[in-house]
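Fold and geometry: a report
Below are the chains, spelled out letter by letter.
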Amino acid sequence: MRINKSWGSWQGRGACPVTGLYILNFDTRQLPSEAVDYLVVGSGIAGLYTAYLLARSGRRVVVVTKKMVENTSTERAQGGIAAAIGASDSPLLHLQDTLRAGAGLCDPEAVQVLVTEGPYRVRHLVGMGARFDRTDGGFALVREGAHRQRRILYAGGDATGAEIQRTLCRQVNEMKIPVLENHFVVDLLVAHGQCCGALVLDETANRLLVFRSRVIILTSGGAGQLFRQTTNPPVATGDGIAVAFRAGAEVADLEFIQFHPTVLALADGPPFLISEAVRGEGGILRNASGKPFMSRYHPDGELAPRDVVTRAILAEMRATGTDSVFLDVTHLPADKLRRRFPTIAQTCTALGLDICRECIPVAPAAHYMMGGVRTNLYGETTIENLYACGEVACAGVHGANRLASNSLVDGLVFGGRIVERVLTRSQGTISDPDFSCALLRATAGIDYGALRSALQEQMDLNLGPIREPSGLEQALRFFEDHQYLHECAAPHTEAMEVHNLLQLGLLVTEAAAARRESRGGHYRTDYPQPRECWRKNLLFQRVRRDEQDYY
Ligand code: SIN
């Protein structure tokens, strides 16, 4: 592990271990192999948009996705997509808001790229058929937390992600881009610093395959499943970050996990997102005594940055000894609510809650990983031919705390840049060295379901929005105690996901323990303020053994 900008170095307690390169024993000489020009891993906005642009340029691209094509965080996105297209808005204002939310850790150049190219990419999506809601004057624009302008476009009221997913799926189908569902990327194949392909488990046929490719683009999303309560889909197990880390790529900013402040908290109900746009339209947060409280915590009240709202809610829950606070929209006209938030209204109704007449119980839940596979402004990782964009990546646009609705546009902008970069590079050849691993032990009797729950419990207790030194120590011990698993082969997908979660959970904990300050989404009780000496990024990279040992 190291800290960039040459400001110092950090030695973990051996807890950034020499883990294996792989989580399976295999020999590529004995596996069916397929050669593709471009392999895109993941089928959310970043993956499908990138695949679409590549195919439009006449390249042969294949998308592999872990479950069904629409099992993505994109599909679930409610609030919208931020772009400075309003008459009183500008990329500069969007830049300022993004930098402020990012709490001093954004890369201003990356943010500049995001805010200047975002409007063009959003218009491109509209040209592809995405129907964002409109008013007489053009696109309907709303505000969300920490935005000083109305700049969030939305679709179907609160079904923005579903509209984008539908639009991109239709384009991908029309262009006959192969999308291989139930294909799980087990590991990347890297020789001499170049990514040559991926080892993939075809779950339907239950067979391992080798995909050899000139370029591999990771767009596999985030890691909300590190926690029990998350807005993310079950597929969000951090696989992309874990495979890239094992392959030797740098990963960055992993201590910064965004908790969404308002997630439905009905006993036995699902952790269903209640969009920030609800507060943008005038929703009021009330504590268990019915009192509004946000103005006591921040001058922007309900529209303060997410980390501030999250901590305020937790403080109120603690003060009143309850498991939730309440989001009140009963003062807003019922017909407007049902029109503006149809998905939220219908989902709550199905769970027995009428949002027009009753307050919505809400509590924070894990929502977004600010960190990820480190990339430059063209989505290039530190491994040649390996690119990343979307939530799996860390281009530096989100810093310590992502500005609401900046993630969908991030996928578009950096997906577009990846395509620009790979199209201007010489095509290169598809290399096919052999890879094998025979070092991993077989395991028996491991209850991976129980292990996943135990891991989530550790993360909930100790790596949530408020972190205590003793909790960080406890989590480190938990993850260190499970390091032996990295010497074992993962027998099935459930085990592979647990391997990836354990790998990532350790990195998140290491980073959180190392960062002795509070900033953005990372808050420590023993260092409750930001410290100038910590205005830097934490980068992790696996200590490489000689690759020759392995193939
Ligand atoms: C929301 O609708 O509140 C989520 C939007 C986001 O996370 O950007």
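Residues numbered from 1 in each chain as written. Predicted model: local features only at pLDDT ≥ 70, side-chain atom pairs only at ≥ 80, totals over all residues. Heavy atoms only, no water.

Once that is clear, we can look at the sheet that holds strand β5 (residues 81-82). Spatially, three strands are ordered β5-β9-β8 in an open sheet, and the strand pairing comes out antiparallel. The strands lining the two open edges of the sheet, one partner per strand, are β5 and β8 (141-142). Relative to strand β9 (residues 152-153), β8 runs antiparallel, the two being bridged by two bridges. Paired with Val142 across the two strands is Ile152, which belongs to β9. (Pairing = 2+ DSSP bridges. Helix = DSSP H or I, 4+ residues; strand = E, 2+ residues; numbered from the N terminus.)

Pairing is antiparallel in the open sheet, where four strands are placed in the order β15-β18-β17-β16. The sheet is open, and its two edges are formed by β15 (257-264) and β16 (284-286), each paired on a single side. Each strand of the sheet is rotated relative to its neighbour by a mean of 45 degrees, with strand direction disregarded. As defined by bridge partners, strand β17 (residues 325-328) adjoins strand β18 (residues 360-369) across three bridges and the pair is classed as antiparallel. Note on β18: the bridge partner recorded for Phe326 is Pro361. (Axes fitted to C-alpha atoms, helices over the stretch in contact; angles between N-to-C directions.)

The next point concerns the site of the ligand. The environment of the ligand is made up of Gln78, Gly79, His260, Leu273, Ser275, Glu276, Arg306, His367, Arg402, Ala404 and Ser405. In the environment of the ligand, an oxygen atom lies 2.8 Å from a nitrogen or oxygen atom belonging to the side chain of Arg402. Protein contacts shield 95% of the accessible area of the ligand, which totals 260 Å² for the unbound molecule. In the shell around the ligand, the residues fall into two nonpolar, six polar and three charged. (Near = heavy atom within 4 Å. Polar contact = N/O pair within 3.5 Å; in protein donor to acceptor, adjacent residues only side chain to side chain. Areas by Shrake-Rupley, 256 points an atom, 1.4 Å probe, with all protein chains shown as cover. Nonpolar A, V, L, I, M, F, W, Y, C, P; charged D, E, K, R; others polar.)

Right, let's get into the packing of aromatic side chains. Applying the stated criterion across every chain yields a total of five aromatic pairs. On the basis of an interplanar angle of 80 degrees and a centroid distance of 6.4 Å, the ring pair of Phe132 and Phe139 is categorised as edge-to-face. Accessibility expressed as a relative area gives 5% for Phe132, which makes it buried. Arranged with centres 5.2 Å apart and planes meeting at 85 degrees, the rings of Phe478 and Phe479 form a pair that is edge-to-face. (Phe/Tyr/Trp six-rings, centres within 6.5 Å; stacked < 30°, edge-to-face > 60°. Buried < 20%, exposed > 50% of the residue type's maximum accessible area, 1.4 Å probe, protein only.)

With that settled, the discussion passes to the environment of Val179. Here Val179 is to be found in strand β10 (residues 179-180). Judged by its relative accessible area of 23%, Val179 falls in the partly exposed class. Separated by 308 residues in sequence, Val179 and Glu487 place their C-alpha atoms 33 Å apart. Residues within four places of Val179 in sequence aside, it is in contact with Val63, Thr65, Val69 and Val172. (Contact = heavy atoms within 4.5 Å.)

Attention now moves to the nonpolar core. Core analysis: the biggest nonpolar cluster contains 83 residues, and Phe26, Val186, Leu188, Leu226, Met369 and Val508 have the highest contact counts within it. Broken down by element, this core gets its largest block of residues, twelve residues, from helix α14 (residues 493-514). In contact with Leu188, other than residues within four places in its own chain, are Tyr22, Cys195, Gly197, Ala198, Ile216, Val243, Ala244, Ala247 and Leu386. Core analysis: the next-biggest nonpolar cluster, separate from the first, contains 48 residues, Val113, Phe132, Ala155 and Cys169 among them. (Core = buried A, V, L, I, M, F, W, Y, C linked by side-chain atoms within 4.5 Å.)

A word on helix α4 (residues 108-127). A rise of 1.5 Å per residue sets the reference length of α4, with its 20 residues, at 28 Å; its end C-alpha atoms lie 29 Å apart and thus fit the reference within 8%. Residue Gly118 marks the point of greatest curvature in α4, where the axis turns by about 45 degrees; the proline Pro119 follows within four residues. Every buried residue belonging to α4 is among Ala110, Val111, Val113, Leu114, Val115, Gly118, Pro119, Arg121, Val122, His124 and Leu125, and all of these are buried. The inward-facing, buried residues of α4 abut α1 (45-56), β5, α3 (91-101), β9, α5 (160-174) and α11 (407-424). You can read the cap of α4 off the contacts: a side-chain oxygen lies 2.9 Å from the backbone nitrogen of Glu109, and it is on Asp107. (Expected span 1.5 Å × (residues − 1). Bend = angle between axes of the 7 residues up to and from the residue.)

This part is about unusual backbone geometry. The phi torsion at Ala103 lies on the positive side, around 55 degrees, for a residue other than glycine. On the secondary structure map, Ala103 appears in the loop between α3 and α4. A positive phi angle, near 65 degrees, is found at Ser405, a position not held by glycine. Mapped onto the elements, Ser405 comes out in the loop between β21 (393-394) and α11. Here Ser405 falls in the buried class, since its relative accessible area comes to 6%.

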